[in-house]
Amino acid sequence: MTDKNPEYDFKWCPGCGDFGVRRALEQALQKYIIDTEIPIENNVIVAGIGCSGNMVHLLEGQQPFGIHGLHGRTLPIAMGIKSSRPDLNVTVVAGDGDFLSIGMEHIAPQAQRNLDVCVIVMDNAVYGLTKGQSSPTSHEGMITSSTPYGKMEDAVNPLKLYLTLGVSHVASALSSKIKDLSQMIYDAMKYPGFAIVHVQSPCTEYNNTYEQLKGNVKKGIQPMAWSLPEDHNPESVSDAQNIVDRDGIPLGLIYQAKDRTSFSKRVEETTSSMNGKSAEDIITLYSV
Ligand SMILES: Cc1ncc(C[n+]2csc(CCOP(=O)(O)OP(=O)(O)O)c2C)c(N)n1
Ligand code: SF4
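Throughout what follows, the structure given in this document is the object of discussion. (Residues numbered from 1 in each chain as written. Chains lettered and ligands numbered in written order. Predicted model: local features only at pLDDT ≥ 70, side-chain atom pairs only at ≥ 80, totals over all residues. Heavy atoms only, no water.)

### Some points on the sheet that holds strand 4 (residues 118–123)
Okay, so step 1: Reading across the sheet, the eight strands line up as 2-1-3-4-8-7-10-9 and stay open at both edges, with mixed pairing between neighbours. The outermost strands of the open sheet, each flanked by one partner alone, are strand 2 (65–68) and strand 9 (225–227). The sheet shows a mean angle of 20° between the axes of neighbouring strands, direction not considered.
Okay, so step 2: Of the strand pairs in this sheet, strand 7 (residues 169–174) and strand 8 (residues 195–200) are connected by six bridges, and their pairing is parallel. Paired with L174 across the strands is Q200, a residue of strand 8. (Pairing = 2+ DSSP bridges. Helix = DSSP H or I, 4+ residues; strand = E, 2+ residues; numbered from the N terminus. Axes fitted to C-alpha atoms, helices over the stretch in contact; angles between N-to-C directions.)

### A look at the environment of V92
Okay, so step 1: Looking at where V92 falls in the secondary structure, it is placed in strand 3 (residues 89–95).
Okay, so step 2: Judged by its relative accessible area of 0%, V92 is buried.
Okay, so step 3: In this structure, the C-alpha to C-alpha distance between V92 and G193, residues 101 residues apart in sequence, is 13 Å.
Okay, so step 4: Beyond its immediate sequence surroundings of up to four residues, V92 is in contact with V46, T74, L75, A78, C118, V119 and I120. (Buried < 20%, exposed > 50% of the residue type's maximum accessible area, 1.4 Å probe, protein only. Contact = heavy atoms within 4.5 Å.)

### What about the nonpolar core?
One broad trend across soluble globular proteins is that nonpolar side chains are buried collectively.
Okay, so step 1: Residues L25, F99, I107, V119, Y162, I185 and F194 are the most contacted members of the largest nonpolar core, which totals 66 residues.
Okay, so step 2: The element best represented in this core is helix 1 (residues 18–36), accounting for seven residues.
Okay, so step 3: Setting aside chain neighbours within four positions, we find V119 in contact with L75, V92, F99, F194, A195, I196 and V197.
Okay, so step 4: Counting five residues, the second largest nonpolar core, distinct from the first, contains L174, L213, I249 and L251. (Core = buried A, V, L, I, M, F, W, Y, C linked by side-chain atoms within 4.5 Å.)

### Considerations on the site of ligand 1
Okay, so step 1: Taken together, 16 residues surround ligand 1, and among them C51, S52, G97, D98 and G128 come closest.
Okay, so step 2: In this structure, an oxygen atom belonging to ligand 1 sits 2.8 Å away from a main-chain N or O atom of C51.
Okay, so step 3: Taking G97, its main chain carries an N or O atom lying 2.8 Å from an oxygen atom of ligand 1.
Okay, so step 4: Contact with the protein chains hides 72% of the accessible area of ligand 1, taken as 590 Å² for the molecule alone.
Okay, so step 5: Top contributing element to the shell around ligand 1 by residue count: helix 4 (residues 96–102), with four residues.
Okay, so step 6: Along the lines of polarity and charge, the residues of the shell around ligand 1 split into six nonpolar, eight polar and two charged. (Near = heavy atom within 4 Å. Polar contact = N/O pair within 3.5 Å; in protein donor to acceptor, adjacent residues only side chain to side chain. Areas by Shrake-Rupley, 256 points an atom, 1.4 Å probe, with all protein chains shown as cover. Nonpolar A, V, L, I, M, F, W, Y, C, P; charged D, E, K, R; others polar.)

### Observations concerning the packing of aromatic side chains
Okay, so step 1: Scanning all chains against the criterion turns up three aromatic pairs.
Okay, so step 2: An angle of 85° between the planes, with centres 5.2 Å apart, marks the rings of W12 and F19 as edge-to-face.
Okay, so step 3: Exposure remark for F19: the relative accessible area of 33% places this residue in the partly exposed category.
Okay, so step 4: Centre to centre, the rings of F99 and Y162 are 6.4 Å apart; their planes meet at 70°, and the pair counts as edge-to-face. Of the two residues, F99 sits in helix 4 while Y162 sits in helix 6 (residues 158–165), which places them 63 residues apart along the sequence. As far as burial versus exposure is concerned, F99 and Y162 are alike and both buried. (Phe/Tyr/Trp six-rings, centres within 6.5 Å; stacked < 30°, edge-to-face > 60°.)

In short, the description is geometric, and any link to function would need to be established separately.
Here you go:
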């Protein structure tokens, strides 16, 4: 609940990783509207359903448009917006359950179209809002409310999946490293194609992974997260593949395709090849 939105009586649990993501998104958006001179009202946040989806109501500062849509359907909504208003800066926010479970089928088609949106996936490896059920990124054997004897499936490796499906810009981040995350979100907003920033955003209530991600010297816990080597070339597919094949959580820009035509450009080219024909003209021309 905020002073501005007193009717929304929900908030995140103390320590939830989504607070850091919110701060980073606010900073990135602020920088984006100053640098590009795109007014705030030409920015849209499309949210899925989940604790992460509440982001759209909890943003502070200048307010972009917000759509809190259906579970798993952030990408079709984002595509609808970009089809009719390619000038808008669209950012998708979704949880790992929303984006990689029910929403998984939408990733490949948008990767192939190179839909020019920035996607922020908040990965806590559980379904937080519905009380901690296993998600695609929960590890095999994990005990959750829906897997009391251990999850039977292997975990999805989201970064590997994005590369395989042809996502043009793939970055990986931690919610607690707000400065780095904010820069990654800003870069993804500016990238003219399908850009995903996959964020490890721990759920303090059902899967608190802060210690595993950052490590704890006193307890002899090695950090799972590691920075990309300095000589990593994000334009190299083989470098990117090599990174996502390694254990743990790589942090940084893993892959970025150069010179791929964006969805908005494809729409523009196709529309201009219609030579001013209306929808009715085309239906008449091609109806049998
Ligand atoms: C079509 C549909 N199926 C299921 C649900 C119930 N539901 C709401 S949120 C959610 C999962 C949320 O998990 P995630 O996307 O990982 O987000 P988190 O809450 O962890 O941020 C589910 C299954 C729903 N709202 N709509
Ligand atoms: S249940 Fe988990 S993901 Fe949801 S607000 Fe609480 S800590 Fe965050």
